[in-house]
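Spelled out, the chains give:
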Amino acid sequence: LYITPADVPSLQAKVSLPEFAAVWDDVQNWCGTSACMALRYVVTGNAAHCASAIAAAIADLDAAPIEEDIKVLGRAHHNGAIVYDWCFGEMTGTQRNQLLAHLSWQAYANTSQAVVGHSQGWMMYAKLPAAIAIYDEDPSLYDRLMPFFVDETVRARNFLYPGEMDTRMHQDAVPDAD
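Note that the structure is a prediction, hence the values are computed from the model and not measured.

Cut-offs used in this document
- Residues numbered from 1 in each chain as written.
- Predicted model: local features only at pLDDT ≥ 70, side-chain atom pairs only at ≥ 80, totals over all residues.
- Heavy atoms only, no water.
- Helix = DSSP H or I, 4+ residues; strand = E, 2+ residues; numbered from the N terminus.
- Buried < 20%, exposed > 50% of the residue type's maximum accessible area, 1.4 Å probe, protein only.
- Disulfide = S-S within 2.5 Å.
- Axes fitted to C-alpha atoms, helices over the stretch in contact; angles between N-to-C directions.
- Parallel < 35°, antiparallel > 145°, perpendicular 65-115°, else oblique.
- Left-handed = near helix turned anticlockwise from the far one by under 90°.
- Contact = heavy atoms within 4.5 Å.
- Nonpolar A, V, L, I, M, F, W, Y, C, P; charged D, E, K, R; others polar.
- Core = buried A, V, L, I, M, F, W, Y, C linked by side-chain atoms within 4.5 Å.

> I keep staring at unusual backbone geometry and nothing clicks. Help me out?
Excluding glycine, a negative phi dihedral is what most residues carry, and trans is how most peptide bonds are arranged. With a phi close to 75 degrees, Tyr 2 is a non-glycine residue in the positive phi region. Note on placement: Tyr 2 falls in the segment before helix H1 (8-14). Note on Tyr 2: relative accessible area 56%, which makes it exposed.

This is the structure in structure tokens:
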């Protein structure tokens, strides 16, 4: 998810460059998300960072409300997907099962708002990364989301984008034609 093993040497080299020093300092010292912890592991190889990332991802997913709130549950799913993918080899079977249970949760795919509203953000930001991360263990989420993505979202975007229309607008925010 986002990086491959071939990208790691380049990432490791970049963090020592002066132009990346401030960002790497932030990742190491200030960023407390499970995804940042996983990135520290990828760059340094220190398994303690993975242990922290896994514990934080599980705690975030356990605490996230079960609702279609992209800002809370979506962020937890997105970061959990990153941790699942990047720290997979460092997880115990129990941890893997806990994350898999959270990430494979077959939630919300509202086709009535395939382009506007929260369903697009939910799918693109939370569920699709989770589906990709867990595909080898559970392809059912990916298999469910891709037809929705291709048949509903892509088709609608191919119509809207050439017309320079905004897909972030909610249906009820469209002005009345007077």
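> Any chance you could explain the state of the cysteines here in plain terms?
A covalent bond bridging the sulfur atoms of two cysteines is what the word disulfide describes. As enumerated under the stated definition, the model contains 2 disulfides in all. Between Cys 31 and Cys 36 runs a disulfide, and the two sulfur atoms are separated by 2.0 Å. Where Cys 31 bonds to Cys 36 through sulfur, the torsion about that S-S bond is close to 80 degrees, and the disulfide is right-handed. Take Cys 31: its relative accessible area is 22%, and that puts it in the partly exposed class.

> Just to check I follow, could you spell out the packing of helix H3 (residues 34-44) against helix H4 (residues 47-63) for this structure?
Working note: a packed helix pair is described by the angle between its axes plus the distance between those axes. Taken N-terminus to C-terminus, the directions of H3 and H4 make an angle of 160 degrees; their axes are 8 Å apart at the nearest point. Considered as vectors, H3 and H4 are oriented roughly antiparallel to each other. Viewed along their axes, H3 and H4 form a crossing whose handedness is left-handed. In this structure, H3 contributes Ser 34, Met 37, Ala 38, Arg 40, Tyr 41 and Thr 44 to the contact, and H4 contributes Ala 47, His 49, Cys 50, Ser 52, Ala 53, Ala 56, Ala 57 and Asp 60. Looking at side-chain class alone, the contact of H3 with H4 contains 8 nonpolar, 4 polar and 2 charged residues.

> Just to check I follow, could you spell out the nonpolar core for this structure?
Nonpolar side chains tend to gather and get buried jointly when the protein is soluble and globular. Among the nonpolar cores identified, the biggest contains 37 residues, and Ala 38, Val 83, Tyr 84, Cys 87 and Leu 99 are the most heavily contacted of them. If near-sequence neighbours (up to four positions away) are discounted, Tyr 84 is found in contact with Met 91, Arg 96, Leu 99, Leu 100, Leu 103, Ala 133, Ile 134 and Glu 137.

> I'm lost on the environment of Ser 10 in this one. Help?
As for its placement among the helices and strands, Ser 10 is situated in helix H1. Measuring from C-alpha to C-alpha, the distance between Ser 10 and Val 43 comes to 9.4 Å, with 33 residues separating the pair along the chain.

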